[in-house]
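Working through the structure, step by step
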2 protein chains.
Amino acid sequence: MQRMTRQRIAVTSLMESLDDFRSAQQLHDALRERGENVGLATVYRTLQSLADAGVVDVLRLEDENVFRMCSRSGHHHHLVCRACGRTVELTGLDVEKWAKQIAREHGFEEVDHTLELFGLCAQCAAAPNEA
Amino acid sequence: MQRMTRQRIAVTSLMESLDDFRSAQQLHDALRERGENVGLATVYRTLQSLADAGVVDVLRLEDENVFRMCSRSGHHHHLVCRACGRTVELTGLDVEKWAKQIAREHGFEEVDHTLELFGLCAQCAAAPNEA
DNA sequence: TTGTGTGCAAACAGTTTGCATTCGT
DNA sequence: ACGAATGCAAACTGTTTGCACACAA
């Protein structure tokens, strides 16, 4: 129940060649440059299904969502460079336990949380105006 | 440079009477019910300026932003009930220090972060289908 | 008076969706 | 052949903005 269409392959393959977060529109443009014509709506639909399947990670930015192939299975967090987008997947953080603890103290259950770190990576901090 | 107009007073006063997060549109409706006619655009503009001033807190939800008067000055986090919106302001979390530490380990600087906890408050967990 | 604040409606951006068509299986 | 996937364009949603007018200072 998941057909391997030209478009789906193109999107997946593109994502695998990238290692930082990109918006649906950026991916759409990148595909066009590669000569692969895929409708924007299809890019959205594909990303959606990949995200649902847990194959890609979604980062909700201020005004748009960005996506990235993720290797880690399960819950994890990110450290993202706000200049170049370089991303580090953080693991082994005991945020879950800690969050559950705090929540319980306030009588809350079924705790969930969002946590993302943003900053300037060494490279961008050193050369503010380069790629 | 910050005029006290009827509208600004209405919005501020309304916010002060509430203790959980509301969207701009909800606030707009509430004002109308109170008989206070304030344009939606004005509500947005007012919330914007209050947020800039650090008087209200903004919580970026999936699809919309919600606002709330905040007493705490400075950076803090929230524990929000996803059923009723009840909110607890968390303080004394050493997230900042911790985040900076993690980031530094990866060569990142000027670290910033987002962290919010969501769950079901005692009341909502007990009575799933009430107010 | 003066220019910030307001209201309205139009503009916007990102995302979603309806529907006829294409194409994997 | 059958129904899921696509493309296009139109619809949607929350939010922003241009502009003429109102009003706090």
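Criteria and cut-off values
Residues numbered from 1 in each chain as written. Chains lettered and ligands numbered in written order. Predicted model: local features only at pLDDT ≥ 70, side-chain atom pairs only at ≥ 80, totals over all residues. Heavy atoms only, no water. Contact = heavy atoms within 4.5 Å. Buried area = accessible area lost by both parts, 1.4 Å probe. Salt bridge = Lys/Arg side-chain N within 4 Å of Asp/Glu carboxyl O. Polar contact = N/O pair within 3.5 Å; in protein donor to acceptor, adjacent residues only side chain to side chain. UniProt positions renumbered as here; feature names shortened; annotations may be inferred. Helix = DSSP H or I, 4+ residues; strand = E, 2+ residues; numbered from the N terminus. Buried < 20%, exposed > 50% of the residue type's maximum accessible area, 1.4 Å probe, protein only. Domains from an automatic or database assignment. Pairing = 2+ DSSP bridges. Axes fitted to C-alpha atoms, helices over the stretch in contact; angles between N-to-C directions.

This paragraph deals with the interface of chain B and chain A. With 33 residues of chain B at the interface, the matching set in chain A holds 33 residues. Here chain B and chain A share an interface that buries about 2,700 Å² over both sides, 67% of which is from carbon and sulfur atoms. Interface area lost by chain B to chain A is led by Trp98, Phe108 and Leu117 of chain B, which between them contribute 21%. Here chain B and chain A share two salt bridges between them. Where Arg60 of chain B meets Glu62 of chain A, a salt bridge forms, and the shortest distance between an N and an O atom there is 3.7 Å. Inspection of the chain B/chain A interface yields ten residue pairs in polar contact (both at pLDDT 80 or more).

Here the focus is the UniProt feature "binding site: Zn(2+)" (unreviewed entry) in chain A. According to UniProt, the feature "binding site: Zn(2+)" (unreviewed entry) maps to Cys81, Cys84, Cys121 and Cys124 of chain A in the numbering used here. For this annotated set, covering 44 residues, all C-alpha atoms fall within 8.1 Å of each other, a compact arrangement in space. Examined against the element boundaries, Cys81 of chain A turns out to sit in strand 4 (residues 77–81). The buried category is assigned to Cys81 of chain A, whose relative accessible area is 2%. Ignoring sequence-local partners within four residues, the contact set of Cys81 of chain A consists of Arg86, Gly119, Leu120, Cys121 and Cys124 of chain A together with Phe108 of chain B.

A few words now on the domain arrangement of chain A. Residues and elements named next belong to chain A. When cut into domains, chain A gives domain 1 (6–69) and domain 2 (77–126). Taking only C-alpha atoms into account, the centre of domain 1 sits 23 Å from that of domain 2. Every contact between the two is made by seven residues of domain 1 and, on the other side, nine residues of domain 2. Taken together, the two surfaces of domain 1 and domain 2 that pack against each other cover about 550 Å², and 54% of this comes from carbon and sulfur. Among the ionic pairs, Arg68 bridges to Glu89, the shortest N-O distance being 2.6 Å. Counting every contact that joins domain 1 to domain 2 gives two residue pairs in polar contact (both at pLDDT 80 or more). The set of elements that each furnish at least two residues to the side of domain 1 that touches domain 2 consists of strand 2 (56–60) and strand 3 (65–69).

For the rest of this paragraph, the subject is the sheet that holds strand 3 of chain A. Residue and element names in this part refer to chain A. Overall, antiparallel pairing links the three strands, which are arranged 1-3-2 in an open sheet. Sheet topology places strand 1 (22–23) and strand 2 at the edges, where each strand pairs with a single neighbour. By the bridge criterion, two bridges tie strand 1 to strand 3 in an arrangement that is antiparallel. Residue pairing in the sheet places Arg22 in a bridge with Phe67 of strand 3. With respect to the sheet, helix 1 (residues 6–16) is in contact with strand 2 and strand 3, its orientation differing from that of strand 3 by roughly 80 degrees.

This paragraph deals with unusual backbone geometry. Residues and elements named next belong to chain A. The backbone of Glu110 shows a phi angle near 45 degrees, a positive value even though the residue is not glycine. Mapped onto the fold, Glu110 is located in strand 6 (residues 109–120). Residue classification places Glu110 among the exposed positions, given a relative accessible area of 53%.

To continue, consider the UniProt feature "binding site: Fe cation" (unreviewed entry) in chain A. Residue and element names in this part refer to chain A. UniProt tags His75, Glu96 and His113 as "binding site: Fe cation" (unreviewed entry). Separation in sequence by 39 residues is not matched in space for these annotated residues, since their most distant C-alpha atoms are only 10.2 Å apart. When you line up the elements, Glu96 lands in helix 4 (residues 95–105). Once residues lying within four places of it in the same chain are set aside, the contact partners of Glu96 are His75, His77 and His113. Mapped onto the fold, His113 is located in strand 6.

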